[in-house]
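If you want the building blocks of each chain, they are given just below.
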Amino acid sequence: MDKTCIKLGVMQPYFVPYIGYWQLMNLVDKYVIYDDVNYINRGWINRNRILLNGEPHYLNIPMIGASQNKLINEIYVNNDDKLLKKNLKMIESAYSKAPYFKETYHIIEKILRCDKSNLAEYISYSIRVICGYLDIKTELIISSQINKDNNLKGQDKIIEICKILNVKEYYNAIGGKELYDRESFRKNGIELKFLKTNEIRYKQFNNEFQSNLSILDIMMFNDKDSIKDLLTQYELE
């Protein structure tokens, strides 16, 4: 492959995020885990939603010293064993009767028992574990390990990352459409595209379907081949 045509995606490290995150990662050749930007309170960095008693319910990583005044990689995980067991018990209660509970529980247990105390490293580990299960071969790059101008903000910083990694195509989730300007990317020789996830439905016990839950929910109710098909269910704009 011509290195100048490599596709790039950049996203903050989110904890067991929804299918769109994995669609983007699976689409691109290189994926930057954006660990050196500010933590966002009540966002998706340290939590996601699972299905509990037919309703969405938050699964949280317990943290130490979380603040929007800190970078994601400056925050730490509270690895208290009681909190770990509480999360595992909640997952078991939620999904013990799901068709793919055994293999998925093994994966989330491996993730939650990770001994990394740094939040960014902890979530990066979880991303690698799930990529391994789903056979996502994308090269993962840690943003803080890229020698870049950290005084740049927003799309200017993304454009610099594209230049440093010598990519000509940048892909972003559709939610960033208001944040990024195609012409600014084009002036720098980069094509900007947005990924929009199609409507995705699957059987969740006999409940009314709850959309946009964690990838864990999809893994509990779908085999690997079905999930790989779901990874392709999107449109590019």
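Residues numbered from 1 in each chain as written. Predicted model: local features only at pLDDT ≥ 70, side-chain atom pairs only at ≥ 80, totals over all residues. Heavy atoms only, no water.

Trainee: Could you give an account of the sheet that holds strand 2 (residues 30–33), with specific residues and numbers?
Mentor: Pairing is mixed across the open sheet formed by 6 strands, whose spatial order is 7-2-1-8-9-10. Strands with a single pairing partner mark the edges of an open sheet, and in this sheet they are strand 7 (139–142) and strand 10 (234–236). Taken over all neighbouring pairs, the strand axes of this sheet differ in orientation by 25 degrees on average, direction set aside. When strand 8 (residues 169–173) meets strand 9 (residues 191–197), the two strands line up parallel, connected through 5 bridges. (Pairing = 2+ DSSP bridges. Helix = DSSP H or I, 4+ residues; strand = E, 2+ residues; numbered from the N terminus. Axes fitted to C-alpha atoms, helices over the stretch in contact; angles between N-to-C directions.)

Trainee: Lay out the pairing of strand 8 with the relevant residues and their values.
Mentor: Within strand 8, 5 of the 5 residues are buried, leaving the element largely enclosed by the surrounding structure. Residues Glu169, Tyr171 and Ala173 of strand 8 are buried on one face, and the alternating residues Tyr170 and Asn172, pointing to the opposite face, are buried as well. When strand 1 (residues 7–11) meets strand 8, the two strands line up parallel, connected through 3 bridges. By the bridge assignment, leucine 8 is partnered in strand 8 with tyrosine 170. Taking the sense of rotation as the criterion, the β-α-β connection linking strand 8, helix 6 (residues 182–187) and strand 9 turns out right-handed. (Buried < 20%, exposed > 50% of the residue type's maximum accessible area, 1.4 Å probe, protein only. Right-handed = clockwise from strand over helix to strand, strands pointing away.)

Trainee: Give a detailed account of helix 2 (residues 81–95), specifying residues and quantitative values.
Mentor: Relative to the 21 Å expected for 15 residues at 1.5 Å per residue, helix 2 spans 21 Å between its end C-alpha atoms, a close match to the ideal helical length. If you follow the buried residues of helix 2, they end up packed against strand 3 (47–52), strand 4 (55–60), helix 3 (101–112) and helix 7 (215–221). At the N-terminal end of helix 2, a side-chain oxygen is found 2.8 Å from the backbone nitrogen of lysine 82, two or three residues along, and the residue is aspartate 80. (Expected span 1.5 Å × (residues − 1). Contact = heavy atoms within 4.5 Å. Polar contact = N/O pair within 3.5 Å; in protein donor to acceptor, adjacent residues only side chain to side chain.)

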